[in-house]
Amino acid sequence: MRLGFKADNLLERVANWFNLAPLPVVQVFFGMMSSRTMMAGVRLGVYAALADGPATAEALAERLKLSPEGTRVLLEGLVSCEVVKRKRGRYWLDERARRWLDPRSPQYIGGFIEFNYSQWEWWNQLEEMVRTGRSVDIHDFAPEDPRWRDYIHAMHQLARLAAPEVASAIPLPRGAKHILDLGGAHGWYAAELCQRHRGLKATVLDLEGSARVGREIIASAGLSHLVTHREGNILSAELGGPYDAVLLFQVVHHLSPAQNVALLRRVRTALGPKGTLAVLEYLREEVEAEPSASALIGLHYFLTSKAAAYTPAEVEGFLDDAGYRILRTQPIRRLPLQTLILAQPE
């Protein structure tokens, strides 16, 4: 996936072709504006209100207790972002956007958009991180810090989109009984697997702040009989076993190469004879490849945990060093840039 801007007319295309217009201005200024406009739509309840039906700016402002003038200019901004439509002074949620922005939709991602207020604050520290090499380290928050709730609910909303696709791709031995989800937070991928395999149960091992929220998510879905949460640091806690599968989803990028190999070796001893290791990660292209958005993901990882987005070859190297053979690698369609790697001990 690549980020860019589309010219609206021939004059803009010519200006772009001959490098006559300052594209960095467009990237910085319009990128900032579109992001905060979309975020405000969630925080102010605009999407939820428009999901009920078309409304004028004045009616929406009265309903949401906002200023009519501010509401109108925000709505026009959301029209520019192509998530709201307008005709004869009335606004409504675009049909394509409704899938993602209507709180009643099972694919709703408003929680993730809201979470970007926290991420915005973290990115305010980017320059200091580059100067000093010190990251924000979002996993050092105290267990009761409210940012855990925003973080885990945001990740849960994304996991709901990909969980069916991911779970269907993970092979389990006949009669599988128990899986371990390391750093699994919300536990939604494990829950999806348990619902697909009769008699299967899962343990999610994660930090206390994450496990607290994940336990609530699983309980609210009525799945506590299938998925249980255990609090602990995956780098030091006893793993137990043997397990029919171990999930390591969005964890590798938080760890150094040495930590990854050490953890993978411990996981290998916790797997049953025919157990499967499933790794889900954002992977970046090789350095010489064409630039893409994956480099920004890597920067985000470094900022928030002093880690890295690894290349496929690097992750394959970790697995090889830890004594695994790779069964299959496949991209996940529902979430761009995510790759599922399936492996078994040699």
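A quick note: this is a predicted structure, and the numbers were derived from the prediction, not measured.

Undergrad: Hey, could you run me through the overall build of the protein in this one?
TA: What the protein contains, in helices and strands, is 14 helices and 10 strands. Counting over 346 residues, the protein shows a buried share of 45%. Put simply, the protein shows about 18,300 Å² of open surface, and 55% of that area lies on carbon and sulfur atoms. Averaging the positions of the 40 positive and the 39 negative side-chain charges in the protein gives two centres separated by 7 Å.

Undergrad: Help me understand unusual backbone geometry in this model?
TA: Backbone geometry follows two general trends: most residues other than glycine have a negative phi, and most peptide bonds adopt the trans configuration. Here the residue pair G241 and P242 is connected by a cis peptide bond, since its omega of 0 degrees sits within 30 degrees of zero. With respect to the element layout, P242 can be found in the loop between β6 (227–231) and β7 (243–249). In this structure, E82 is a non-glycine residue whose phi angle is positive, near 65 degrees. As for its position among the elements, E82 is in the loop between α5 (68–80) and β2 (84–87). One non-glycine residue with positive phi stands out, namely R88, at about 50 degrees. Structurally, R88 is set in the loop between β2 and β3 (90–93).

Undergrad: I tried to follow the side chain of S105 on my own but got confused; where do I start?
TA: Mapped onto the secondary structure, S105 falls in the loop between α6 (95–101) and α7 (110–123). Take S105: its relative accessible area is 12%, and that puts it in the buried class. Here the side chain of S105 touches Q107 through a polar contact of 3.1 Å, landing on its backbone nitrogen. Contacts of S105, omitting those with residues within four sequence positions, involve R98 and R99.

Undergrad: Would you mind showing me how to read the sheet that holds β2 here?
TA: Within a sheet, adjacent strands bond to each other through the backbone by hydrogen bonds, running parallel or antiparallel. The strand order across the open sheet formed by 3 strands is β1-β3-β2, and the pairing between neighbours is antiparallel. Looking along the sheet, the strands with just one partner apiece sit at the ends: β1 (55–56) and β2. Here β2 runs beside β3; their pairing, made up of 4 bridges, is antiparallel. Residue pairing for β3: K85 is matched across the bridge by W92. Its contacts with the sheet put α5 on β2 and β3, and the angle it makes with β2 is roughly 110 degrees.

Undergrad: So what exactly am I meant to see when it comes to the pairing of strand β8 (residues 271–282) here?
TA: On a regular strand, one side chain projects to one face of the sheet and the next to the other, so that they alternate. Burial analysis of β8 places 10 of its 12 residues in the buried class, the great majority of the element. Sheet analysis places β7 next to β8, joined by 6 bridges and oriented parallel. Directly across from Y243, in β8, lies its bridge partner L271. Note on the crossover from β7 through helix α12 (residues 257–270) to β8: the handedness is right-handed.

Undergrad: Would you mind showing me how to read the nonpolar core here?
TA: One broad rule of soluble globular proteins: the nonpolar side chains tend to lie buried together. Membership of the largest hydrophobic core comes to 73 residues, with the highest contact counts inside it found for I170, Y189 and L340. At 12 residues, the largest contribution of residues to this core is made by helix α9 (residues 147–169). Sequence-distant contacts of I170, defined by excluding residues within four places in its chain, comprise L193, L247, F249, A278, L340 and L342. Of all hydrophobic cores here, the second largest spans 29 residues; its members include L180, Y243, L264 and A270.

Undergrad: Looking at this structure, I do not really get the packing of helix α2 (residues 23–43) against α7. What am I missing?
TA: Helix-helix packing: each pair is described by the crossing angle between the helix axes and the interaxial distance. Contact geometry for α2 and α7: axes closest at 9 Å, N-to-C directions at 125 degrees. Considered as vectors, α2 and α7 are oriented oblique to each other. Two packed elements cross with a definite hand, and for α2 against α7 that hand is left-handed. Facing M32, S35, R36, M38, M39, A40, V42 and R43 of α2, the residues of α7 in contact are G110, I113, E114, N116, Y117 and W120. Partitioned by chemical class, the residues of the contact of α2 with α7 number 8 nonpolar, 3 polar and 3 charged.

Undergrad: Before we go on, may I ask you to explain the pattern of salt bridges in this structure?
TA: Two side chains bearing opposite charge may form a pair once their charged atoms approach each other closely. For the structure shown, the criterion picks out 17 salt bridges. Between R134 and E128 there is a salt bridge; the shortest N-O distance is 3.9 Å. The exposure class assigned to R134 is exposed, which follows from its relative accessible area of 57%. Shared partners join several salt bridges into a network, and the residues in it are D52, R63, E95, R98, D102 and R104.

Parameters and conventions
Residues numbered from 1 in each chain as written. Predicted model: local features only at pLDDT ≥ 70, side-chain atom pairs only at ≥ 80, totals over all residues. Heavy atoms only, no water. Helix = DSSP H or I, 4+ residues; strand = E, 2+ residues; numbered from the N terminus. Buried < 20%, exposed > 50% of the residue type's maximum accessible area, 1.4 Å probe, protein only. Areas by Shrake-Rupley, 256 points an atom, 1.4 Å probe, with all protein chains shown as cover. Lys, Arg positive; Asp, Glu negative; His and termini not counted. Charge placed at Lys NZ, Arg CZ, Asp CG, Glu CD. Polar contact = N/O pair within 3.5 Å; in protein donor to acceptor, adjacent residues only side chain to side chain. Contact = heavy atoms within 4.5 Å. Pairing = 2+ DSSP bridges. Axes fitted to C-alpha atoms, helices over the stretch in contact; angles between N-to-C directions. Right-handed = clockwise from strand over helix to strand, strands pointing away. Core = buried A, V, L, I, M, F, W, Y, C linked by side-chain atoms within 4.5 Å. Parallel < 35°, antiparallel > 145°, perpendicular 65-115°, else oblique. Left-handed = near helix turned anticlockwise from the far one by under 90°. Nonpolar A, V, L, I, M, F, W, Y, C, P; charged D, E, K, R; others polar. Salt bridge = Lys/Arg side-chain N within 4 Å of Asp/Glu carboxyl O.

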